[in-house]
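# Working through the structure, step by step
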Amino acid sequence: MSAFLTESLAGRVLFAIPKKGRLYEKCLQLLAGADVQFTRSNRLDVCLVRNHNMALVFLPAADIPRFVGEGNVDFGITGQDMVAEADVNGLVSEVLALEFGKCKLQVQVPLAGDIKTVDDLVGRKVVTSFEVLAGQYFGELDRKSAKGVQTKIEYVGGSVEAACALGLADGIVDLVESGETMRAAGLHPIETILTSQAVLIRSNKPKPSSDASHAALIDRISQRIAGVVAAGKFVLCNYNIRRDMVPEATKVTPGRRAPTVSPLDDPEWVAVSSMVLKAQVADVMDRLQEIGASDILVVGLQNCRV
Ligand SMILES: Nc1ncnc2c1ncn2[C@@H]1O[C@H](COP(=O)(O)OP(=O)(O)OP(=O)(O)O)[C@@H](O)[C@H]1O
Ligand SMILES: O=P(O)(O)OC[C@H]1O[C@H](OP(=O)(O)OP(=O)(O)O)[C@H](O)[C@@H]1O
Ligand SMILES: [Mg+2]
């Protein structure tokens, strides 16, 4: 890192972003939605933010919990699985679940084979990129088992699913989202160790140079990101309904605090506006129609503050 860059980082809030992989693109979308302006030069893993006293540090997702935990970086985005694997309990706080990067960490074994349960794996060989979590999980099973043996946990950095076919392992512990990788490798899940999604984490050990303005900036950016996440999760539902049906309508669209009810020129009717979970909107529209609502409009949110 050039002396110039080191100097210009001094006094700035540092925000860690996964440098590549599954979480990268979504993180860029969040930063754009939060109006964090920067230009990432080719290959450079640190860049200054133009419109805030902040710099972005692009790091492997697996390293982010440790950097944030040790206070080198003020806050960051990574997977809950990475936080658990880094064993940084008490050193970082999870500020916000980000609703992407959803996956499960599962114990998987060959479909064709003699291993049917995790107990069958006790004393055998398990290959994984999550040696801490797999070690804790099988350590516990080993202790409970009457076999008096230790399950061998071996680390590989990627393409974990190939380990069984290559004769390296009897089972694996790896991430599953669609299940495509697992099925293509002739494996099936026999246990889920944890479920995960991307999260915003914050250091519990602020840098000695941090002051109140730093804490305020971390809060402001976290709130902006929360707004972008909520905008992706909710839609705005507007409709007209007879005034006497408002109590029923409020049950269907309670809103986050309460629905907005506005008078119309016709005294017997009102207009209602309410935030609704995107995942529930079709069902909500059916129910609104059933209770006599009309002109039901659903509008996507570009951004919001919640
Ligand atoms: N298939 C997936 N679906 C959803 N989220 C995933 C998936 N795979 C990984 N993740 C999430 O993204 C995080 C980073 O995984 P990613 O695969 O990007 O990192 P990596 O394996 O270090 O990088 P790469 O695969 O590019 O070498 C994981 O810790 C997990 O939280
Ligand atoms: O259930 P699926 O939708 O198939 O996704 C799961 C796969 O995604 C990740 O791998 P990635 O593509 O990051 O490759 P890697 O093994 O090299 O990390 C993970 O390690 C699984 O292999
Ligand atoms: Mg990967």
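Since the model is a prediction, treat every value here as computed from it, not as a measurement.

Now for the sheet that holds strand E3 (residues 54–59). Pairing is mixed in the open sheet, where six strands are placed in the order E2-E3-E1-E4-E11-E5. Of all strands in the sheet, those with a lone pairing partner are strand E2 (46–48) and strand E5 (92–97), marking the two edges. Neighbouring strand axes in the sheet, compared pairwise and without regard to direction, differ in orientation by 25° on average. Lying over the sheet, helix H2 (residues 24–33) contacts strand E1 (13–18), E3 and strand E4 (75–79), oriented at roughly 140° with respect to E1.

Now for the pairing of strand E12 (residues 234–242). Pairing geometry for E12 and strand E14 (residues 269–277), over nine bridges, is antiparallel. Pairing of Arg242 across the sheet is with Trp269, part of E14.

In this section: unusual backbone geometry. Unlike most non-glycine residues, Ser159 shows phi in positive territory, near 45°. Mapped onto the elements of the fold, Ser159 is located in the loop between strand E8 (152–155) and strand E9 (171–176). One non-glycine residue, Asp295, lies in the positive phi region at around 50°. Asp295 gets classed as exposed once you look at its relative accessible area, which sits at 51%.

Further remarks concern the UniProt feature "domain: ATP phosphoribosyltransferase catalytic" (unreviewed entry) in the protein chain. When the UniProt feature table is mapped onto this chain, "domain: ATP phosphoribosyltransferase catalytic" (unreviewed entry) is found at residues 61–224. Segment residues 61–224 splits into 30% helix and 30% strand. End C-alpha atoms: 22 Å apart.

Lining the immediate surroundings of ligand 1 are 14 residues, of which Lys20, Gly21, Arg22, Asp81 and Met82 lie closest. Here an oxygen atom of ligand 1 sits 2.7 Å away from a polar atom, N or O, in the side chain of Asp81. In isolation ligand 1 exposes 610 Å². Once the protein is present, 70% of that is buried. Looking at the shell around ligand 1 residue by residue, the classes come out as five nonpolar, four polar and five charged.

For the rest of this paragraph, the subject is the domain arrangement of the protein chain. With domains assigned, the protein chain is organised as domain 1 (3–101 + 198–210), domain 2 (103–196) and domain 3 (234–300). For domain 1 and domain 3, the distance between their C-alpha centres works out to 39 Å.

If you trace the backbone, Ile190 turns up in strand E10 (residues 187–196). For Ile190, a relative accessible area of 16% puts it in the buried group. For Ile190, the residues in contact, after removing those within four places along its chain, are Val107, Val109, Lys116, Thr117, Val118 and Leu121.

Core analysis: the largest hydrophobic core is formed by 29 residues, its most contacted members being Phe15, Met54, Leu56, Leu98 and Ile225. Among the secondary structure elements, those contributing two or more residues to this core are E1, H2, E3, E4, strand E11 (198–203) and helix H8 (212–233). The leading source of residues in this core is H8, at seven residues. For Leu98, the residues in contact, after removing those within four places along its chain, are Leu30, Ile77, Gln197, Ala198, Val199, Leu200, Ile225 and Val229.

What follows is about the sheet that holds strand E7 (residues 125–128). Strand order in the open sheet made by the five strands is E8-E7-E9-E6-E10, with mixed pairing throughout. One side of each edge strand has no neighbouring strand; the edge strands of this open sheet are E8 and E10. Strand-to-strand twist in this sheet, taken as the mean axis angle between neighbours without regard to direction, amounts to 25°. Bridging between strand E6 (residues 103–110) and E10 involves eight bridges; their strand directions are antiparallel. Directly across from Cys103, in E10, lies its bridge partner Ser196. Sheet contacts for helix H6 (residues 131–144): E6, E7, E8, E9 and E10; angle to E8, the most-contacted strand, approximately 175°.

Definitions and limits used
Residues numbered from 1 in each chain as written. Chains lettered and ligands numbered in written order. Predicted model: local features only at pLDDT ≥ 70, side-chain atom pairs only at ≥ 80, totals over all residues. Heavy atoms only, no water. Pairing = 2+ DSSP bridges. Helix = DSSP H or I, 4+ residues; strand = E, 2+ residues; numbered from the N terminus. Axes fitted to C-alpha atoms, helices over the stretch in contact; angles between N-to-C directions. Contact = heavy atoms within 4.5 Å. Buried < 20%, exposed > 50% of the residue type's maximum accessible area, 1.4 Å probe, protein only. UniProt positions renumbered as here; feature names shortened; annotations may be inferred. Near = heavy atom within 4 Å. Polar contact = N/O pair within 3.5 Å; in protein donor to acceptor, adjacent residues only side chain to side chain. Areas by Shrake-Rupley, 256 points an atom, 1.4 Å probe, with all protein chains shown as cover. Nonpolar A, V, L, I, M, F, W, Y, C, P; charged D, E, K, R; others polar. Domains from an automatic or database assignment. Core = buried A, V, L, I, M, F, W, Y, C linked by side-chain atoms within 4.5 Å.

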